[in-house]
Amino acid sequence: RVREAVVSTQSTGCGHCKQLAPIYDELGEKYKDHPSIVIAKMDSTANEVEDINIRGFPTIKFFPKGTENKVVDYNGGRTFEDFVSFLDGTHDEAAEDKKEAKDEL
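Bear in mind that the values here come from a model prediction, so they are computed numbers and not experimental data.

Q: Account for helix H2 (residues 80-88), with residues named and values stated.
A: Those residues of H2 that fall on the buried side of the exposure criterion are Phe80, Phe83, Val84, Phe86 and Leu87. Projected down its long axis, H2 carries its buried residues within an arc of 160°, all on one side. Exposed positions of H2 whose direction lies more than 90 degrees from the buried face are Glu81 and Ser85.

Q: Please set out the pairing of strand S3 (residues 59-63) residue by residue, giving values where relevant.
A: Counting buried positions along S3 gives five out of five residues, so the element sits mostly inside the fold. Burial of S3 is two-sided: the residues Thr59, Lys61 and Phe63 facing one way and the residues Ile60 and Phe62 facing the other way are all buried. Bridge count for strand S1 (residues 4-10) against S3 is five bridges, and the pairing is antiparallel. Counterpart to Ser8 in the pairing with S3 is Ile60.

Q: Before we move on, could you go through the environment of Tyr24 and cite the residues and values that matter?
A: With respect to the element layout, Tyr24 can be found in helix H1 (residues 15-31). Residue class for Tyr24 comes out buried when judged on its relative accessible area of 2%. Along the backbone, Tyr24 and Ile39 are 15 residues apart, and their C-alpha atoms lie at a distance of 8.1 Å. If near-sequence neighbours (up to four positions away) are discounted, Tyr24 is found in contact with Val6, Val7, Ser8, Ile39, Ala40 and Lys41. Engagement of the side chain of Tyr24 in a polar contact is seen with the backbone nitrogen of Ser8, the distance being 3.3 Å.

Q: I'd like a rundown of the packing of aromatic side chains, residues and numbers included.
A: This model, assessed by the stated rule, comprises four aromatic pairs. When the ring of Phe62 is compared with that of Phe86, the centres are 5.1 Å apart and the planes differ by 85°; the resulting orientation is edge-to-face. Residue Phe62 is located in strand S3, and its partner Phe86 is located in helix H2; the two are separated by 24 residues in the primary sequence. Just as Phe62 is buried, Phe86 falls in that class too. Linked through ring pairs, Tyr24, Phe62, Tyr74, Phe83 and Phe86 together constitute an aromatic cluster. Against the face of Tyr31 rests Lys30, its NZ or CZ located 5.5 Å from the ring centre.

Criteria and thresholds
Residues numbered from 1 in each chain as written. Predicted model: local features only at pLDDT ≥ 70, side-chain atom pairs only at ≥ 80, totals over all residues. Heavy atoms only, no water. Buried < 20%, exposed > 50% of the residue type's maximum accessible area, 1.4 Å probe, protein only. Helix = DSSP H or I, 4+ residues; strand = E, 2+ residues; numbered from the N terminus. Arc of directions from axis to C-beta. Pairing = 2+ DSSP bridges. Contact = heavy atoms within 4.5 Å. Polar contact = N/O pair within 3.5 Å; in protein donor to acceptor, adjacent residues only side chain to side chain. Phe/Tyr/Trp six-rings, centres within 6.5 Å; stacked < 30°, edge-to-face > 60°. Lys NZ or Arg CZ within 6 Å of the ring centre and 35° of its normal.

Following this line, the structure appears as C-alpha cells:
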C-alpha cells in the first residue's frame, strides 16, 4: 500500500453511524487532498470484505501503508480531534495501546 486508509463500516439505519457521520465527513474534508491518507466509508449491509471482522456499527479499521494485509482495529475516541490525533500521530500503535488499556480494565 502506498497510502494509509481509515475505513468506517456502517449500516444505514444505525444511530451511532448517524452520530459519527458529520464528524467523519469533516475528517474526509480535512484529508481530501492528503497525499498519503484516505478516509472512506462503506455500507457493510451491502458489501462484505473477506477476512475483515465486523462486530457492530460503526466499525473503524486502519490500513497502514507499506503493509499488504495488516488491518488494525481502531479503538480510539470518536471525536474529530481523536481521529486527527491518531492520523497525525503514531497510527496503529495508538489504536493498539488504547485497545490493550481497554482490555486491562
